Amino acid sequence: SLPMAPTPAAPTRMDIEMAELRRQVDRGDAEAQTNLASCYAKGDGVEQDYFEAARLYRLATEQGDSDAQVALRMCLRNGTGETHDHAAAVRLFRRAAKKGHASLGICFYQGLGVPLDHDEAARLYRLVAEQGLALGQYNYGTCFSRGRGVKQDNTEAARWWRLAADQGDVDAQSFLGDSYYVGGGVPLDRSEAVRWWRLAVDQDQITAQANLAQCYAAGGVLPRDDIEAARLFRLAAEQGVAVAQVLLGQILFVEDPVVGSVLPAAPGEAAQFLAQAAQQTGNEERQERRLEALAL
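Treat the numbers as computed from the prediction; the structure is a model and nothing was measured.

Participant: Would you mind showing me how to read the packing of helix α7 (residues 118-129) against helix α8 (residues 134-146) here?
Facilitator: The relative placement of two packed helices comes down to the angle between their axes together with the axis-to-axis distance. Viewed as axis vectors pointing N to C, α7 and α8 meet at an angle of 140 degrees, and their least axial separation amounts to 8 Å. In terms of orientation, α7 lies oblique with respect to α8. Both α7 and α8 take part in a crossing whose hand is left-handed. Here Ala-122, Tyr-125, Arg-126, Val-128 and Ala-129 of α7 lie close against α8, whose contacting residues are Gly-136, Gln-137, Asn-139, Tyr-140 and Cys-143. Its residues assigned to classes, the contact of α7 with α8 comprises six nonpolar, three polar and one charged.

Written out as structure tokens, the structure reads:
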């Protein structure tokens, strides 16, 4: 007798949900187009494909989906599945709702596709901040912190960052931790600073990683822990945080007699991190713009 053909594997729940999502996309459902585009952008349930993500975002954008407009703007700005086109990105944000206004504010703040205008950026941030959007609250707080478009005011900065941080905005959590660490606009409270940094680190925020690492390296606010310090410094250093590159380089350059068995010296790697940090010296504005982009 002939051997029996193998029984096909039963479809998983993910298979069923993806098939239904594709059916909705084929019917022209804009929300489904945006959701499937997000899957392709992240590689969630499908092979990652930025070009297919951009194609689907564009289809949804043409039907007026504001989330798709925001996402396609990111594709146009970053060249992810699309060519760089800041002007087209700005047009999309003008059409979008809350998230679009917040991101249009970033365009004015950085002069991307429009003339640089901090006053207009602050106005747009305030519009969405007062409607409760965490991204707008974080950015409006940053305007107060830096005195751009509004009068510099650390108390107002911390107030808006707290509103955003309470909603889980990772950069607001990190900046609010900074405020508590130095007493900027809030009472000095380093234990509270560490609490906010831990929340941000849980979401992989790079400056919070570097700050918490310094607490572990110095001891005092937290018990000294060179191993945990090095781990956090490495996470931040590998993502381009100059202070983390310097401090990790110093840790790795000479073996510590106490922790050398688990954290051996690596002078070659130390030199690489120190060189990367040196390349960033005097380029604080580029670092600042990079962090703003990461907030999107």
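Read on for the rest.
Participant: Explain the nonpolar core to me, please; I cannot follow it from the model alone.
Facilitator: As a rule of thumb, nonpolar side chains are buried together in soluble globular proteins. Counting residues in hydrophobic clusters, the biggest one holds 52 residues, and the most contacted among them are Tyr-140 and Leu-212. At seven residues, the largest contribution of residues to this core is made by helix α12 (residues 206-218). Look past the residues within four positions of Tyr-140 in its chain and what remains in contact with it is Ala-122, Tyr-125, Arg-126, Ala-129, Val-150 and Trp-160. Membership of the second largest hydrophobic core comes to eleven residues, among which are Val-25, Tyr-40, Val-46 and Leu-56.

Participant: Hey, could you run me through helix α14 (residues 242-253) in this one?
Facilitator: Each full turn of the α-helix corresponds to 3.6 residues, which orients residues three or four apart in the same direction. An ideal rise of 1.5 Å per residue puts 16 Å on twelve residues; α14 measures up with 16 Å between its terminal C-alpha atoms. All of the buried residues in α14 are Ala-244, Gln-245, Leu-248, Gly-249 and Leu-252. Viewed end-on, α14 has its buried residues packed into an arc of 130 degrees, placing them on one side of the element. Where the residues of α14 are buried, they touch α12, α13 (226-237) and α15 (267-280).

Participant: Sorry, what's going on with the confidence of the model for the protein chain here?
Facilitator: For residues with low pLDDT, the predicted coordinates do not support detailed interpretation. Residue-level pLDDT values for the protein chain average 77, and 69% of them are 70 or greater. Counting contacts from residues 257-262, a segment whose pLDDT is below 50, to residues more than four positions away or on other chains yields four contacts. The low-confidence segment residues 283-296, where pLDDT is below 50, has 26 contacts with residues more than four positions distant or belonging to other chains.

Participant: Please explain unusual backbone geometry as it appears in this structure.
Facilitator: With the exception of glycine, most residues fall at negative phi, and the peptide bonds are largely trans. Positive phi, normally seen in glycine, also occurs at Asp-204, with a value near 65 degrees. By the element assignment, Asp-204 lies in the loop between α11 (190-201) and α12.

Calculation criteria
- Residues numbered from 1 in each chain as written.
- Predicted model: local features only at pLDDT ≥ 70, side-chain atom pairs only at ≥ 80, totals over all residues.
- Heavy atoms only, no water.
- Axes fitted to C-alpha atoms, helices over the stretch in contact; angles between N-to-C directions.
- Helix = DSSP H or I, 4+ residues; strand = E, 2+ residues; numbered from the N terminus.
- Parallel < 35°, antiparallel > 145°, perpendicular 65-115°, else oblique.
- Left-handed = near helix turned anticlockwise from the far one by under 90°.
- Contact = heavy atoms within 4.5 Å.
- Nonpolar A, V, L, I, M, F, W, Y, C, P; charged D, E, K, R; others polar.
- Core = buried A, V, L, I, M, F, W, Y, C linked by side-chain atoms within 4.5 Å.
- Buried < 20%, exposed > 50% of the residue type's maximum accessible area, 1.4 Å probe, protein only.
- Expected span 1.5 Å × (residues − 1).
- Arc of directions from axis to C-beta.
- pLDDT = per-residue confidence, 0-100.

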